[in-house]
Amino acid sequence: MTGERQGKLSPYSTLIEQLKSHLTENNGDLSLLTNVPDKWEKHGNLLLLPQGSFEEWSEYAGTELWTLVAHSLGGQRLALKGEISGPKRRPGATLLLGEDSWVTHREHGIDYSFDITKSMFSAGNLPERGRMGDLDCSGETILDLYAGIGYYTLPLLVRAGATHVHACEWSIDAIHALNHNLEANKVSERCTIYSGDNKLAVAQNGSAAKALGTCDRVMLGLLPSSEDGWPLALAALKPEGGLLHIHGNAPSGGEEKWANSVVEQLSEIDSRKVELVNLVKVKWYSPHVRHCVLDIQIG
Ligand SMILES: C[S@@+](CC[C@H](N)C(=O)[O-])C[C@H]1O[C@@H](n2cnc3c(N)ncnc32)[C@H](O)[C@@H]1O
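Note that the coordinates shown come from a computational prediction; the quantities given were computed from them, not determined experimentally.

Quick notes on the rules
- Residues numbered from 1 in each chain as written.
- Predicted model: local features only at pLDDT ≥ 70, side-chain atom pairs only at ≥ 80, totals over all residues.
- Helix = DSSP H or I, 4+ residues; strand = E, 2+ residues; numbered from the N terminus.
- Contact = placed C-beta atoms within 7 Å.
- Pairing = 2+ DSSP bridges.
- pLDDT = per-residue confidence, 0-100.
- Domains from an automatic or database assignment.
- Core = buried A, V, L, I, M, F, W, Y, C linked by C-beta atoms within 7 Å.
- Buried ≥ 20, exposed ≤ 12 C-beta atoms within 10 Å, placed from the backbone.
- Axes fitted to C-alpha atoms, helices over the stretch in contact; angles between N-to-C directions.
- Arc of directions from axis to C-beta.
- Near = placed C-beta within 6 Å.
- Parallel < 35°, antiparallel > 145°, perpendicular 65-115°, else oblique.
- Left-handed = near helix turned anticlockwise from the far one by under 90°.
- Nonpolar A, V, L, I, M, F, W, Y, C, P; charged D, E, K, R; others polar.

Caption draft 1: Molecular detail of the overall build of the protein. When helices and strands are tallied, the protein shows eight helices and 13 strands. Summarising its shape, the C-alpha atoms of the protein cover approximately 70 × 40 × 35 Å along the three principal directions. Intrachain contacts of the protein at a sequence separation of at least 6 include 59% that bridge at least 24 residues.

See below:
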């Protein structure tokens, strides 16, 4: 039974009611009510609205409107999503209401904290973060080439029980959040962070050189493609092999073809046996493009 049937309005209906009153009091145009977002993300008491929300409402934009929206949806702070861009996958989000853009998102018993204006967090990757946490990685050394705030490093350490994760990241803001998250989830002693370009870190004389040839598993969680990291990942695996989790964007309907082409390209770089174990369709990246993950066994 919905909240409405029990006599309690849903957050969306509350929002519409409140906005309607606001427009009526200000002799506003009620057709604006057709331009109200019906989905949002909640990170603690901060509500993150989809990109472009309330674009038509510019003449009302301000603290009064944002307070009304936040309170109607059960929050205290409000932010607007932007375009994720650049090599550091900056989120482009802006804070509309509140002073502080640091949030804590709890998922599968793990706390992910980050600055919503500086680091991205993909709600659609929830099943993949869950899948990584469900693995049994006890005894394993893992390399995460694109660690971010700990999207996969944290579930691998906290839930999958990895012995050690080598985490590469070049965004100072993401590293700040990652450090915080490792401490907050009590796993910092099992993780080493390498700041800077992973190509320099995972090289013969790089800070992460000791990881070369020692890893059981490598995470390659970068979109639209993690191709730059494939040679590093192969070099990091133990001589007898291990598993790669390769993220990438594939055209819808062409996911298997894309997977086979990745296997072929890996075979050209590495002489060990390359076998596709799993193709996971994580989410829609755009209308005709899917974010996929390939579990690939090497050796
Ligand atoms: C945000 S996560 C990606 C999460 C998710 N799979 C996605 O792309 O939507 C990728 C992280 O890799 C980092 N990164 C990208 N290229 C890198 C490189 N060459 N060396 C180190 N970190 C890198 C970015 O700064 C970013 O924090």
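Caption draft 2: Just the pairing of strand S5 (residues 102-107), in detail. Sheet topology note: the S5/strand S6 (residues 110-115) ladder contains six bridges and is antiparallel. Bridging from a neighbouring strand, Glu 107 pairs with Ile 110 of S6. From the end of S5 to the start of S6, which pair antiparallel, there are two residues, and His 108 there has a positive phi angle of about 50°.

Caption draft 3: Examining the confidence of the model for the protein more closely. Looking at the protein, pLDDT values average 94 and 98% of them are 70 or higher. Note that pLDDT drops below 50 for residues 1-5; the model gives that stretch eight contacts with residues more than four away or on any other chain.

Caption draft 4: Region of the structure containing the domain arrangement of the protein. Once the domains are mapped, the protein shows domain 1 (11-100) and domain 2 (123-298). Placing the centre of domain 1 and that of domain 2 at their C-alpha centroids yields a distance of 34 Å.

Caption draft 5: Representation of the nonpolar core in the model. Ranked by size, the top nonpolar core spans 76 residues in total, and within it Leu 78, Leu 145, Leu 156, Leu 178, Val 218, Ala 233 and Ala 236 carry the most contacts. Residue contributions to this core reach at least three from each of two domains, namely domain 1 (11-100) and domain 2 (123-298). Excluding its chain neighbours within four sequence positions, the residues that come into contact with Leu 178 are Ala 147, Ile 149, Gly 150, Ala 167, Glu 169 and Ile 193.

Caption draft 6: Representation of the sheet that holds strand S13 (residues 289-298) within the structure. The sheet built from seven strands is open, its strands ordered S9-S8-S7-S10-S11-S13-S12 with mixed pairing. Two strands in the sheet have a free side with no partner beyond their single neighbour: strand S9 (191-195) and strand S12 (274-286). Across the sheet, the mean angle separating the axes of adjacent strands is 20° when strand polarity is ignored. Sheet topology note: the strand S7 (residues 141-144)/strand S10 (residues 217-220) ladder contains three bridges and is parallel. Bridge pairing in S10 links Ile 142 to Arg 217.

Caption draft 7: Main features of helix H2 (residues 63-72). Those residues of H2 that sit buried are Trp 66, Val 69 and Ala 70. When H2 is viewed along its axis, its buried side chains cluster within an angular range of 95° and face the same direction. Buried residues in H2 make contact with helix H1 (11-25), strand S2 (46-49), strand S3 (77-80) and strand S4 (94-97).

Caption draft 8: Inspection of the site of the ligand at higher detail. Near the ligand you find 20 residues, and of these Tyr 146, Gly 148, Trp 170, Asn 198 and Leu 223 are the closest. Taken together, domain 1 (11-100) and domain 2 (123-298) each give at least three residues to the shell around the ligand, which thus spans both.

Caption draft 9: Representation of the packing of H1 against H2 within the structure. One way to put it is that H1 packs onto H2 with a least axis distance of 8 Å and a crossing angle of 155°. Judged on the interaxial angle alone, H2 and H1 are roughly antiparallel. Handedness of the crossing formed by H1 with H2: right-handed. Residues Pro 11, Thr 14, Leu 15, Gln 18 and His 22 of H1 touch H2, and the partners they reach there are Leu 68, Val 69 and Ser 72. A per-class count over the contact of H1 with H2 returns four nonpolar, four polar and no charged.

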